[in-house]
Amino acid sequence: MLKEIIFDEIGHIVECIYLAQNIDTCKTDNYPDLIIATTFRQEAIINELKQSPAYQNIPIILISGSYTLNEAVACGADDIISRPVSIPILIRKVKKYVK
């Protein structure tokens with residue numbers, strides 16, 4: 001659903017990957033313009049992505065019902081969207097990072 005909304009509203013093709021417990025499964029040669037992640041066991045992977053030279057400049061938006069912005073930034077995210085996700089806020093934040 002989020003893929004279609006972002007494409008319809010912004011015109012960017014969205015590719016979804018599951019940030020699995022093994023970071024190697026989410027690294028590809030096709031670097032994304034933006035990563036949107038949930039908090040479910042993703043903190044360590046987000047932090048590791050931000051420490052990787054290939055991924056450190058790619059913005060990460062964390063979707064969470066319990067994290068604050070400071071907590072999201074502490075685990076490596078650039079921004080946060082609170083649950084339940086507001087579509088207008090999602091679109092605004094995606095536009096902020098994807099030009």
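Since this is a predicted model, take the numbers as computed values, not measurements.

**Quick look at the overall build of the protein**
Here comes step 1: When you go through the protein residue by residue, the secondary structure sums to four helices and three strands.
Here comes step 2: Mapped from its N terminus to its C terminus, the protein presents α and β elements in the order α-β-α-β-α-β-α.
Here comes step 3: Scored against the burial criterion, the 99 residues of the protein give a buried share of 36%.
Here comes step 4: Contacts in the protein between residues at least 24 apart in sequence constitute 48% of all its contacts with a sequence separation of at least 6.

**Structural notes on the pattern of salt bridges**
Close approach of charged atoms lets side chains of opposite charge pair.
Here comes step 1: Taken as a whole, this structure holds three salt bridges when the rule is applied.
Here comes step 2: The closest approach of N and O atoms between aspartate 79 and lysine 93, which form a salt bridge, is 2.9 Å. Of this pair, aspartate 79 sits in strand S3 (residues 79–82) while lysine 93 sits in helix H4 (residues 87–97), and the two are 14 residues apart along the sequence. Summarising the burial analysis for this pair, aspartate 79 and lysine 93 share the class buried.
Here comes step 3: The salt bridge partner of aspartate 79 is lysine 96, with a shortest N-O separation of 3.5 Å. A residue pair is termed long-range when its members are at least 10 positions apart, and aspartate 79 in strand S3 and lysine 96 in helix H4 qualify at 17 residues.

Calculation rules
- Residues numbered from 1 in each chain as written.
- Predicted model: local features only at pLDDT ≥ 70, side-chain atom pairs only at ≥ 80, totals over all residues.
- Heavy atoms only, no water.
- Helix = DSSP H or I, 4+ residues; strand = E, 2+ residues; numbered from the N terminus.
- Buried < 20%, exposed > 50% of the residue type's maximum accessible area, 1.4 Å probe, protein only.
- Contact = heavy atoms within 4.5 Å.
- Salt bridge = Lys/Arg side-chain N within 4 Å of Asp/Glu carboxyl O.

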